[in-house]
Structure formats: structure tokens, C-alpha cells
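# Structural overview
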Amino acid sequence: MLEKIKELSKQIEDFKIESKEQLENFRLEFISRKGKVTVLFDDFKNVAPELKKQMGQELNKLKVAAQSKFDALQENMGTNKVQGKNEGADLTLPVVPNALGSLHPLNVVKNRMIEIFERMGFNLSEGPEIEDDWHNFTALNFPEDHPAREMQDTFFVQKNPDIALRTHTSSVQVRTMENQKPPIRTISPGRVYRNEAISARAHCMFHQIEGMYIDKKVSFADLKNTLYHFVKELFDEDTKIRFRPSYFPFTEPSAEIDITCNICKGKGCNICKYSGWVEIGGSGMMDPNVLSNCGIDPNEYSGFAFGMGIERVTMLKYQIRDLRLFTENDIRFLRQFKGAE
Ligand code: DAH
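Source: prediction; values computed, not measured.

In this structure, Gln11 sits in helix α1 (residues 2-14). Sequence separation between Gln11 and Ala66 is 55 residues; the distance between their C-alpha atoms is 9.9 Å. When sequence neighbours within four positions are dropped, the list of residues in contact with Gln11 reads Glu29, Phe30 and Lys36.

This is how it looks when you write it as C-alpha cells:
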């Protein structure tokens, strides 16, 4: 028996293993269920009792030697295999960068608008999107029978008392005046809602930026100059602005703000309806009723206000012809604004 053990021990030591097949052959020859080492254990029962202790120890040593040779080489080959056949991760390869997202075009333009007004001394204010009748209509001098107060124009959350999704950011003017004393110079960007069918030019949900300046002796010239500067900064020096007489319940006098069409550069196209001009918002001198509704003395203070559509301005800036693109989340559309911020 001892002879056999020595003989096997030498065989195990000398067995060359350089490939997976050789490793498998080694396993079959020595440590599998019918392998030589295993078979030798079967002979153990025939060993004379006085030799059993010594033989047992020798046999176990043999078994451990065979198994550890196998384990060590198997582990080695495992890693070799991965590196050799390139099946695992090659840590030396450069990383594939994650695609970074970009700002939505409406946010790009909104941020730019904020930046321009902030440099003129305006601060930011905000108000809720679900608004009561007072802040959205009554304080702003809307007559009882004004059409905007009808269901077909406004999304009401509740009737009597009326609660609605705000139809314009002018509601924030009221909240700001109620909470601050003049001088006030503030802009309020935000989302607004109107009960309109969705088309290339209209949506039931869009964005506005409201502006308001209240102080002693604020005049229409201040309004004109502020918006004149804004338009040149946002578009370019060649962009012209004009004020067209209009009507809003909360301003007197009121004016619509038009700029030269940035799509056809004033030559005439379907966006500007071949007039060369497009409207970007409304403006005017704050109605004395609005000031006094909000606790500001109209004999002491005057103010101007304006409201612009962020979608409209963005469409002009980037020559976008369909309003629906802003909410469709088409990655091919959104990707084009990478780096625009
Ligand atoms: N709130 C108006 C609208 O949604 C826009 C507007 C017009 C805002 C004149 C003003 C303003 O502050 O003075 O159509």
C-alpha cells in the first residue's frame, strides 16, 4: 500500500497541466469517483489493523495534495481564460461616457430672460398654479362678466367660491403687492393654463413671464426702455420692437408688444402672417384700481407691467414652427438644444 501511495504521489507531482483538457484528465485520473486516489481508499479496508493509523495519514496527505494541485491550477486557468479570450471586462479600455441630458429649450430661454431682467434690477417671485378668483381676476380689475371668467376659457377646480388653474402669471403681481411695499421690481416666470384646443399655435398649458415695476413716477417711457433693452439682449441689435395700443383690464393705457419676425427677419412668412411683426406679449401702466386693490396708494405710486409667452419667444429665437414639439418629448427635437444653455 505504501508503495502504491508513493508511486501515485510521484505521478501527481509529475502530471503536467497546461490546458483545460489536461486539467480535466488530471481530475478524472486521480480525484474523480473512479480516480486512482479514490480507488486506493477502497483498498484501505484490507490494510492490517496495526498499520491503519499510518496508512490513513499517508492516504489523506495524498488526497489533499491531489486536490490542492487541482484547485490551484483551476483557479489560475479561470483567470487566464478570461484574459486570453477577452470574454470579461478589459479594464484598460477607455470608459464609454454616459450620454448627458440637456436643458429643455423653454428652460434655456426662461433662464436667459431671467438673467437679462436680473441685470436690470428685477428680482424673482412666484405664486401658486391653483389660484382663487381674487388673485387671478377680481384684484386685477376683471369685470364680473369678462369672458375669461367663463368655463370655456378657464379650467375651474371649484365653483362658488371659484378656484381655477391660473390663466396668466399676472396673479403673482397681486400676491407680490400684497406682501411687499414699493419700490417693487420683480419678474415671475411660471406655468399657466387655458381651456384651449391643442394645435401648432395654441396649448392648454404654457408658460409666461410676468414683469412689474412700481415706484414713484414710473412712466411709460420706463416700460418702453426696459423692453427695448430686453429684446435687443435676447435676440440681437437688429431686432425692432413696437407697442400697439390694446386693452387689458389691469393696465391703462395698454399695449401689445410686437417684435420683428426672427424667422423671416421681417420679410414676411406664415408665422408673422406676412406682416413682418409678431406679438410676444402684453403690457401697460398699472391701473390705479389694481394698485389700490392691493393696498398701494395710486396717488403716490405708479407702475408698469408686462407679460410675455415663453413658448412664443422660444419659437422665435430658435425658429420652431410647432408649439406641440415642446411637450412631445421627442429626443430628436430636444437634442438640438444641447449646449444652448
Ligand atoms: N396677462 C396677460 C395675458 O395673459 C398678459 C399681460 C398683459 C400681462 C399686460 C401684463 C400686462 O402684466 O400689463 O394675456
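Let us keep going from here.
As a matter of local geometry, the ligand sits amid 15 residues, with His168, Ser170, Arg194, Gln208 and Glu210 nearest to it. In the environment of the ligand, an oxygen atom lies 3.0 Å from a nitrogen or oxygen atom belonging to the side chain of Gln173. Here Ala305 contributes a backbone N or O atom positioned 3.1 Å from an oxygen atom of the ligand. Burial of the ligand by the protein amounts to 90% of the accessible area it has alone, namely 350 Å².

Our next topic: the sheet that holds strand β2 (residues 130-132). In space, the three strands of this open sheet follow the order β2-β4-β3, with antiparallel pairing throughout. Strand pairing shows two members of the sheet lacking a second neighbour, β2 and β3 (156-158), which therefore form its edges. Sheet twist, expressed as the average angle between the axes of neighbouring strands with direction ignored, equals 35°. The pairing of β3 with strand β4 (residues 163-165) spans two bridges and is antiparallel. From the neighbouring strand, Phe156 faces β4, where its bridge partner is Ala164.

So, about unusual backbone geometry. Following Asn160, the chain continues into Pro161 via a peptide bond in cis, with omega recorded as -5°. Of the consecutive residues Pro182 and Pro183, the connecting peptide bond is found in the cis state with omega at 0°. Along the polypeptide, Pro183 turns up in the loop between α7 (170-179) and β5 (184-193). One non-glycine residue with positive phi stands out, namely Tyr274, at about 60°.

Strand order in the open sheet made by the seven strands is β1-β5-β6-β10-β9-β8-β7, with mixed pairing throughout. Each having just a single partner strand, β1 (123-124) and β7 (241-248) make up the two edges of the open sheet. In terms of strand pairing, strand β6 (residues 205-215) meets strand β10 (residues 302-309) through eight bridges, oriented antiparallel. Bridge assignment links Asp215 to a residue of β10, and that residue is Ser302. Each of β1, β5, β6 and β10 is contacted by helix α5 (residues 105-119), which is oriented at about 165° to β5, the strand it contacts most.

Along any regular strand the residues' side chains alternate between the sheet's two faces. Counting buried residues along β5, eight of its ten residues qualify, which places the element largely inside the surrounding structure. The sheet contact formed by β5 and β6 spans ten bridges and is antiparallel. Bridging from a neighbouring strand, Arg191 pairs with His207 of β6.

Another point: the packing of α5 against helix α10 (residues 310-318). Relative orientation of the contacting elements α5 and α10 amounts to 100°, with a least axis distance of 9 Å. The orientation of α5 with respect to α10, classified from their angle, is roughly perpendicular. Facing Pro105, Leu106, Val108, Val109, Lys110 and Met113 of α5, the residues of α10 in contact are Ile310, Glu311, Val313, Thr314 and Tyr318. When the residues that make up the contact of α5 with α10 are grouped by side-chain class, the tally is eight nonpolar, one polar and two charged.

Definitions and cut-offs
All residue numbers refer to positions counted from 1 along the written sequence of the respective chain. Only residues with pLDDT of at least 70 get local features here, since the model is predicted, and only at 80 or more are side-chain atom pairs given and counted; chain-wide, interface and lining totals rely on the full set of residues. Think of the side-chain values as coming from all heavy atoms in the structure, minus any hydrogens and water. Counting from the N terminus, the helices are the DSSP runs of H or I reaching at least four residues and the strands are the DSSP runs of E reaching at least two. In this description, contact between two residues means that some pair of their heavy atoms is separated by no more than 4.5 Å. Nearness of a residue to a molecule or strand requires only that one of the residue's heavy atoms be within 4 Å of it. In protein, a polar contact means a hydrogen-donor-capable atom and an acceptor-capable atom, both N or O and within 3.5 Å, with residues adjacent in sequence counting only if both atoms are side-chain atoms; elsewhere, any N or O pair within 3.5 Å suffices. Surface exposure here means Shrake-Rupley accessible area, sampled with a 1.4 Å probe, where a residue is shielded only by the protein chains that are shown. For two strands to pair, DSSP has to find at least two bridges joining them. In this description, a line fitted to the C-alpha atoms serves as the axis of each element, helices being fitted only across the stretch in contact, and the angle between N-to-C directions of two axes falls anywhere from 0 to 180 degrees. Each residue gets one of three labels from its accessible area relative to the maximum for its type: buried under 20%, exposed over 50%, partly exposed in between, using a 1.4 Å probe on protein chains only. Working rule for angles: under 35 degrees goes down as roughly parallel, over 145 as roughly antiparallel, 65 to 115 as roughly perpendicular, anything else as oblique. Basically, the charged four are Asp, Glu, Lys and Arg, the nonpolar ten are Ala, Val, Leu, Ile, Met, Phe, Trp, Tyr, Cys and Pro, and anything else, Gly included, counts as polar.

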